[in-house]
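Remarks on the overall topology
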Amino acid sequence: MIGDRRWLGLWARLGVRNEFQRGRSPAEVAELNARFLANNTRYLRHAEITAAARRHFDGVDFVEQEWIATSEGRSAALAPFVRRLPPLARAYSGLRERALLLR
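So, here is what we can say about the structure in this document.

Next up on the list: the packing of aromatic side chains. Following the criterion strictly, the structure yields one aromatic pair and no others. Consider the rings of Trp 7 and Trp 11, whose centres lie 5.8 Å apart with planes at 75°: the pair is edge-to-face. Placement of the pair is Trp 7 and Trp 11 together in helix H1 (residues 5-13), with a separation of four residues, close to one helical turn. Residue classification places Trp 7 among the partly exposed positions, given a relative accessible area of 32%.

Let's shift gears to the side chain of Glu 64. Among the secondary structure elements, Glu 64 is positioned in helix H4 (residues 64-70). In this structure, Glu 64 is buried with no salt-bridge partner, the nearest side chain bearing the opposite charge being Arg 98 at 5.1 Å. A distance of 3.1 Å separates a polar side-chain atom of Glu 64 from the backbone nitrogen of Ala 99.

Counting residues in hydrophobic clusters, the biggest one holds six residues: Leu 8, Ala 12, Val 29, Ala 30, Ala 34 and Leu 37. Elements with a contribution of two residues or more to this core: H1 and helix H2 (26-40). Of all the elements, H2 adds the most residues to this core, at four residues.

Cut-offs applied
Residues numbered from 1 in each chain as written. Predicted model: local features only at pLDDT ≥ 70, side-chain atom pairs only at ≥ 80, totals over all residues. Heavy atoms only, no water. Phe/Tyr/Trp six-rings, centres within 6.5 Å; stacked < 30°, edge-to-face > 60°. Helix = DSSP H or I, 4+ residues; strand = E, 2+ residues; numbered from the N terminus. Buried < 20%, exposed > 50% of the residue type's maximum accessible area, 1.4 Å probe, protein only. Lys, Arg positive; Asp, Glu negative; His and termini not counted. Salt bridge = Lys/Arg side-chain N within 4 Å of Asp/Glu carboxyl O. Polar contact = N/O pair within 3.5 Å; in protein donor to acceptor, adjacent residues only side chain to side chain. Core = buried A, V, L, I, M, F, W, Y, C linked by side-chain atoms within 4.5 Å.

What follows is the structure in structure tokens.
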């Protein structure tokens, strides 16, 4: 989803820019962002994170629901929704940040 050009184009059309992209067209900004994501980022899947963590820890759990429930700020606003619909925590994990409990 993050690398999807339609998604990048939407944000560019909404005017989301960094300091190096000001004055550029939405198409240019979407292309720059697509290139940056392809060449300079790597988002690990849950399975990859779990495999890496298990080399050092016996227990590996993703605890986004608990993280959201006890957080402050913007994430805290999601707590009532995540309590009623726990799969939202998994979506949050894929889109925003991950929280792990390692034992």
